[in-house]
Amino acid sequence: MAILGVNIDHVATLREARKTNEPDPVWAAALAELGGADAITIHLREDRRHIQERDLRVLSESVAVPINLELACADEVLIIACDVAPYQATLVPERREEVTTEGGLDVVGAQRKVADAVKRLRDAGIFVSLFLDPDSAQIDIGAELGIQAIELHTGAYALASARHHAQTELETLIAAGKRVRDAGLTLSAGHGLTYRNVMPVAAIEGMRELNIGHSIIARSIMVGLEQAVRDMKRLIS
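Now for a look at the structure at hand. Keep in mind the model is a prediction, meaning the values are calculated, not measured.

Summarising the element assignment, Ser-161 is placed in helix α7 (residues 155-162). Residues contacting Ser-161, with those up to four places away along its chain left out, are Ala-166 and Asn-197.

Quick look at the structure:
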């Protein structure tokens, strides 16, 4: 059964819209835990548009479940990650103009840079994952870099499911998942997953973890965060 990592970036996005102290992502993490979250995911971006370094440090001292820190292969955030040493770090692409992370990390085109980031994180005792498109070349190169997990980017599937043409994209994810497992790596997935489309992805053989943020936080406005997490947990199990 897949476990659930709840991404609380959008709580920080709301806080930063007014540059105030609420809503507090740390409080959100506690509520997500009460709802059954198995991990808390945050993305410390270079431009600090939502999660701040303070959030990471307080969360690392307060939450009982593992923290999955998403970050770019950038020296500044790598230094912070190695200092705080969360349970897991997931290397992702990052562009200033994007609203959210769009597409997987290009390890084929930046193999040396990614390999260096992986080594620094592994040397700090951190479990390392790569956020990759379900592409065989990216998966094969990524698997050679000393990582322990690959998170498949489910954006194409999520977009297709909204248009009722998701089967081809789901089959791509299934094949990519097998490739990840055959490489001996932990399989996870995320991006654009919702209460409507999550079940087929959760059912992929060997799926270990789903990281979901926007849909859960959006639902929490209506039903509360604890209940929103419980509802998603019920679907993926």
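Formed by 73 residues in total, the largest nonpolar core has its most connected members in Leu-91, Leu-130, Leu-210 and Ile-216. The residues touching Ile-216, leaving out its near neighbours within four places in the chain, are Leu-4, Val-6, Tyr-195, Leu-225, Ala-228, Val-229 and Met-232.

A word on unusual backbone geometry. The peptide bond linking Glu-22 to Pro-23 adopts the cis configuration, its omega dihedral lying at -5 degrees. Its identity as a non-glycine residue notwithstanding, Ala-85 has a phi of 55 degrees, on the positive side. Tracing the backbone through its elements, the reader meets Ala-85 in the loop between α4 (75-84) and β4 (88-91). Although it is not a glycine, His-191 sits at a positive phi angle of roughly 110 degrees.

Note on placement: Leu-210 falls in strand β8 (residues 207-212). Here Leu-210 falls in the buried class, since its relative accessible area comes to 0%. Those residues in contact with Leu-210, other than ones at most four positions away along the chain, are Ala-2, Ile-3, Leu-4, Gly-5, Ala-189, Leu-193, Val-198, Val-201, Ala-202 and Ile-236.

The rules behind each value
- Residues numbered from 1 in each chain as written.
- Predicted model: local features only at pLDDT ≥ 70, side-chain atom pairs only at ≥ 80, totals over all residues.
- Heavy atoms only, no water.
- Helix = DSSP H or I, 4+ residues; strand = E, 2+ residues; numbered from the N terminus.
- Contact = heavy atoms within 4.5 Å.
- Core = buried A, V, L, I, M, F, W, Y, C linked by side-chain atoms within 4.5 Å.
- Buried < 20%, exposed > 50% of the residue type's maximum accessible area, 1.4 Å probe, protein only.

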